Each structure stands twice: as structure tokens, then as C-alpha cells.
Amino acid sequence: MIIGPAPARPPLIRALRGASRVLRSASRATGHRVRRAAVAQPLDTGGFLGASVAGWISTSPSLLPRTWWMWMVNISFSQTYGYAAGYLAERLLLRGMRAFGLHVDIEAGHRRQARMIGAGALIGISAYSWVRGVMRQREISHLVQEEPKNLATHVVGTAAGVGSSFAILAAVRAVRATGSLYRTLLRPVLPARVVGTVSIVLTAITVGVLVERIVRGRLIEQMIERSEEANRLISPEIPRPTSALRSGSPASNESWESLGAPGRRIVAGGAGPDDIEQTTGRPAMEPIRVYAGKSTTRPLEQTIDAVLAELDRTGAWDREVLVLYTGTGTGWLQEWSLSALEFLTDGNCATASVQYSVYTSALSFLIDRRTPQRAGHQLFHAVRRRLDRIPRERRPRLYVAGESLGAYGGQAAFRDVPEMLRKVDGAVWTGTPGFTPMFRRIVAASRPGAPAIAPIVDNGRHIRVVTRPRDLYRDYWGGLYEPWQHPRVVYAQHPSDPVVFWDPRLLWDEPEWLRERVGHDVTRAMRWFPWITFWQISSDMPLSIKTPGGHGHSYMQEMVPIWASVLGQDVDEEHAREQRERHQGIIRAIRALNP
């Protein structure tokens, strides 16, 4: 028998046994104290001042009038950022004072006076900034031709924003409390130099799991489920078309149910030849509308083939004009654009589109930005190959169009601007998102001195960026372009459209369009602030399509003169008034068909 010291246990075994003992004792007492102290502690002075300043700034104007929840988002995210910035600034200031041996001591009586003066100043500035913000909201409402929101909207939104700020602060402190708890539990069993690192890793894992469960496991999955349910919804108010020139009709290869909710609305809408004749006073044909819905049983390539089969079946290759539309995330197309084209061509046209997703544009942007580009690219090149086999004198003129995410996806069909000009007879892109690669290159090539909201490219020889119909033949400052040559491309974007000007760089960089402040429907009181402006523009986006036509992300009646110019329906000055009246008649007819 050999007597000697017991063999040493491996460090991992010692750590696990020590942790089990600590968990039994510390989790009940120490952990509870840590969590309570971290979450329930009073507000930091620096953080409170930072949150106050950020809250004042958050009431400043942005592009569109705010609903109560837009107020809430702006105030809560701004105050959270302000609290963090103020907290860090306070810590840095105190550390610097200690480094230089500085100390400030205020008598109790003076301290009370300073607090009263400070509280009065904070209340006064807060009230002034809030009232000023409400008045700016009224100004914005008038600029975009909306009815101003009532006072209750601003009060409820402000209260909800402040409440949300405290909820976010509590969540942040809960994260800090979790880190403190991990450090307390690990300190007896791990070397001091690794406790901080391990506790940060464990805290990050804990937060990551919770966020994944809540955001991905609940919110995103619910959004996906609702999108799929909405796509399957068959509304009794939308009749199935009976014309063989529409997809989804009894003669179509595509069933009514397979088109999806946006597709069914598209093929069932629009004017008939009688409506067009009554409006224009000229003989009209029945327009062709071709659409193929997304299906889980066929890939995108087969869906493109289905569109080609519908073009063959309806005789679309024999029409004068063929337009390929790239839809938004759900497959939605702007009826104003479709109808404007049909009235202006007397129905001698065909339109085609494919549904590549059932998700909203925002959800598609978050989870799949590649598919819109694939859809736009594959549809265009499949149709282009087919057209190239038709004798030139018998081909329809080919145009491309898209709005919002559809403009982003549609422009992906081309490597660059010269290729687009070589392969199409014209294009209409409305509300193009600022992150679209081709449009970024167009903005970069703008003539010096041109406003950022309406770049001037090659003096308007082929491409014109318009904020309103008057920009079609004169630039934003009223100057003349060079003669407009074919093919013609129009980028339509309202200065108040947040989809166009949203950019992650707003977090840290002031954009040129905000420095210039020249938008005709944007208040000149709008200013850029780091972090805050990003959330202001972000909260403007969801309801931007609800604004009256001609503002925000709502492109309506201006589509008539835009399509007329792209199609080449120019008139001399002598007949300009007659053409405007003709366009107004078309606008009234479209509005009557789509109340």
C-alpha cells in the first residue's frame, strides 16, 4: 500500500464542482441582490440629460406627418441613444477629473437651488420642443396635402415613446444584471483574468437566444404566416376575368387560384376597350395582362416559362407595346402605371409580370434581397431572347418598369446604363430605393450643381430624374435639357419619399439632399442628427404609400404624363394645353375605375 498525497483533480472538475456549490448559495442571495441593484437603480445624471436632449431633437421634423406610433418609435430610440451617450460622457468626464485630481463640491443649499433651476429648465425646454414639433407636423401635413393629425395623436405618441424608453432601459439594465450575475458566479471558480471575458460570452449567448426566440421565433414567423395567408385570400369583390386576354381566365394556362391575391387583383383590374374609347375618342383594343403567381411546386425558372406561355397564348407579340413589370415583394403592381399605359396606347399593349415572393417588401429586404434581382433579370432576358427571334419590323416595342422593390429588382436585369439603353425602348422606375446599384451609379454621374434629389445625367439626353411632371422637360431649377432622344428612361422620385432616401449611412453621415434642403414638399426646418435622423426616416417608410398622390411613396396621377413622355407622345407648345386636358381626362377615368 502506497501512502501519499491524493492526485490533483483536473481544473475543469474543480471548476464544475465549485460552480455547483456557488449556484446553490449565490443564486439565491447574491444573484438576487445583483439583479435588483442593476435594474432598480436610479437614473444616471449624465444618461438622463443625454436622453432629454435626444428627446428634444426627436420631435424635430422629418419627411412625412407622424402617427402616434411614429412618435413613439422616434422618441424611444432617440432617448435610448441619448441615455447611452450621456452615460458614457459622464463616465469619461469623471475619469478625466480623477486623473487630474479635480473635485467639485457644492453646498447642500446651492445644490437644491441648482436642481430646482435645472428641473425648471428641463421642463421648459421639453415643453417648447414638443410644441414646436407639433407645429412642424402641421406644416408637413400641408406640404404633402394631408389633413393634420389631431392633438391626441401627438400626446399619446409622446407618452408611449417615453414609456418605451423606460422599457428599453430596463431591458438594457437586465442585460447588465445578467453579466453581473455571471461574474459573481464565476469569480470563485475561475481565474480573475478570464472572468470578464467568460461572463461577456455567456451574456451574449443568453441575449442571443432570447432575441432569436422572440424576433425570429415569434415576430418573423408570424409575419411570414400572415403574408402567406394574405396571398391565398380570394376576395369575392374581385371577379375572375372572362376575357381570354387575361391570365386566370377560363382560357388561361394559369388558374385563378394560382395567381395569388396581388395577381388576381391585377388581371381583374384595368379598363376595357369601351372605357378607353369613351375617354380618348379613338378606337381601342382590349389590353393584354399576363401574370404568373409564385408556387411551391415550381421554381422561378418555370414560373418565367409560364409567363412566356401566356404571352404566346394571348398573342402579346403582335401588340405595339410590351411592358415587363417587376413587382414589389408581394407581387403588387401600381394600377396607375398599368392603366396609364393602356389608355395612352389605346389598349394596343401587353403587360407581363411574375410573382417571386409573397412577403412584404420590408420582409423581402430583410430575408431575401437576391430573389427580386433574379426575377427581374430572368424575366427580361427570357422575353428579350424571344423578341430577338422575331423580325425587327414585327416586334413590339419593349419597355421595363417597376416601383419600390420592383425598381430595385427590375434594374438588376442590366449590367449598366449603356446595356439598358441598348436593350429596351424605354423604362419607368418609380420610388427607386437608394440602395439600388444602378441608381447609385447614376447619382454619382450627376452634373455638378444639380440637386441631389434630382440628378442631371448627360444633360437629360436619355435619362431624366423627375420629382414632378414639370421636371420631364425642364430640370429642377427650370433649365432646359438637351433634346430627349430614344430610348427614354424616367426615374420618378418625390423629395418626400423616405423609401428613396433611406440609407443605413444616415446613422453617421449627413446626406447631400439634407444639406441642400430644396425639396418642394419637404420642410426646410428638417436637419440631420446622428442616429436620430435614421430612425425618423425609418418610421416614415411604412405609411409612405398612404400619402396623397404626388408625395411620399405614392405615385399616381403623374404616371400619365410620365408614360406619355417615355412613349414619345410629345407635342409642340401650340398643342400643350390640349394634351394636358387629354391627360386630365385619362386621370379622371382611372380614378373612376379605381376609387
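Residues numbered from 1 in each chain as written. Predicted model: local features only at pLDDT ≥ 70, side-chain atom pairs only at ≥ 80, totals over all residues. Heavy atoms only, no water.

(A) Broad picture of the side chain of T303. Here T303 shows up in helix α10 (residues 300-314). In this view, T303 contacts A292, G293, R298 and V354; residues no more than four positions away in its chain are not counted. (Helix = DSSP H or I, 4+ residues; strand = E, 2+ residues; numbered from the N terminus. Contact = heavy atoms within 4.5 Å.)

(B) Highlighting the layout of surface pockets. Here the second largest pocket defines a volume of roughly 880 Å³. Looking at the second largest pocket, it is lined by 38 residues, and the ones nearest its centre are P469, R470, L472, Y473 and P561. Elements supplying a minimum of two residues to the lining of the second largest pocket: β6 (463-466), α20 (559-566) and α21 (576-593). Take the lining of the second largest pocket: its biggest share by element is six residues, from α21. When the residues that make up the lining of the second largest pocket are grouped by side-chain class, the tally is 14 nonpolar, 14 polar and 10 charged. (1 Å grid on protein atoms, 1.4 Å probe; cavity = no way out; pocket = protein on both sides within 12 Å on 5 of 7 lines; lining within 4 Å. Points joined across faces, edges and corners; volume = space filled by probe spheres on them. Nonpolar A, V, L, I, M, F, W, Y, C, P; charged D, E, K, R; others polar.)

(C) How the structure looks around the packing of aromatic side chains. In this structure the tally under the stated criterion is 12 aromatic pairs. Within the aromatic cluster, the residues linked to one another by ring pairs are F77, Y81, W502, W531, F534 and W535. Sitting over the face of the ring of W71, R66 holds its NZ or CZ atom 5.6 Å from the ring centroid. (Phe/Tyr/Trp six-rings, centres within 6.5 Å; stacked < 30°, edge-to-face > 60°. Lys NZ or Arg CZ within 6 Å of the ring centre and 35° of its normal.)

(D) Structural view of the environment of I125. Mapping I125 onto the fold places it in helix α5 (residues 108-143). Each C-alpha atom, one on I125 and one on V560, is 48 Å from the other, the two residues being 435 residues apart in sequence.

(E) Expanded view of the sheet that holds strand β2 (residues 321-326). A sheet is described by the order of its strands in space; here seven strands give the open sequence β1-β3-β2-β4-β5-β7-β6, paired in parallel fashion. Strands at the two margins of the open sheet, each flanked by one partner only, are β1 (288-292) and β6. For this sheet, the mean angle separating the axes of adjacent strands, direction not counted, is 15°. Sheet topology places β6 next to strand β7 (residues 488-492); four bridges connect them, and they run parallel. In the sheet register, V465 faces β7, and the bridge partner there is Y491. (Pairing = 2+ DSSP bridges. Axes fitted to C-alpha atoms, helices over the stretch in contact; angles between N-to-C directions.)

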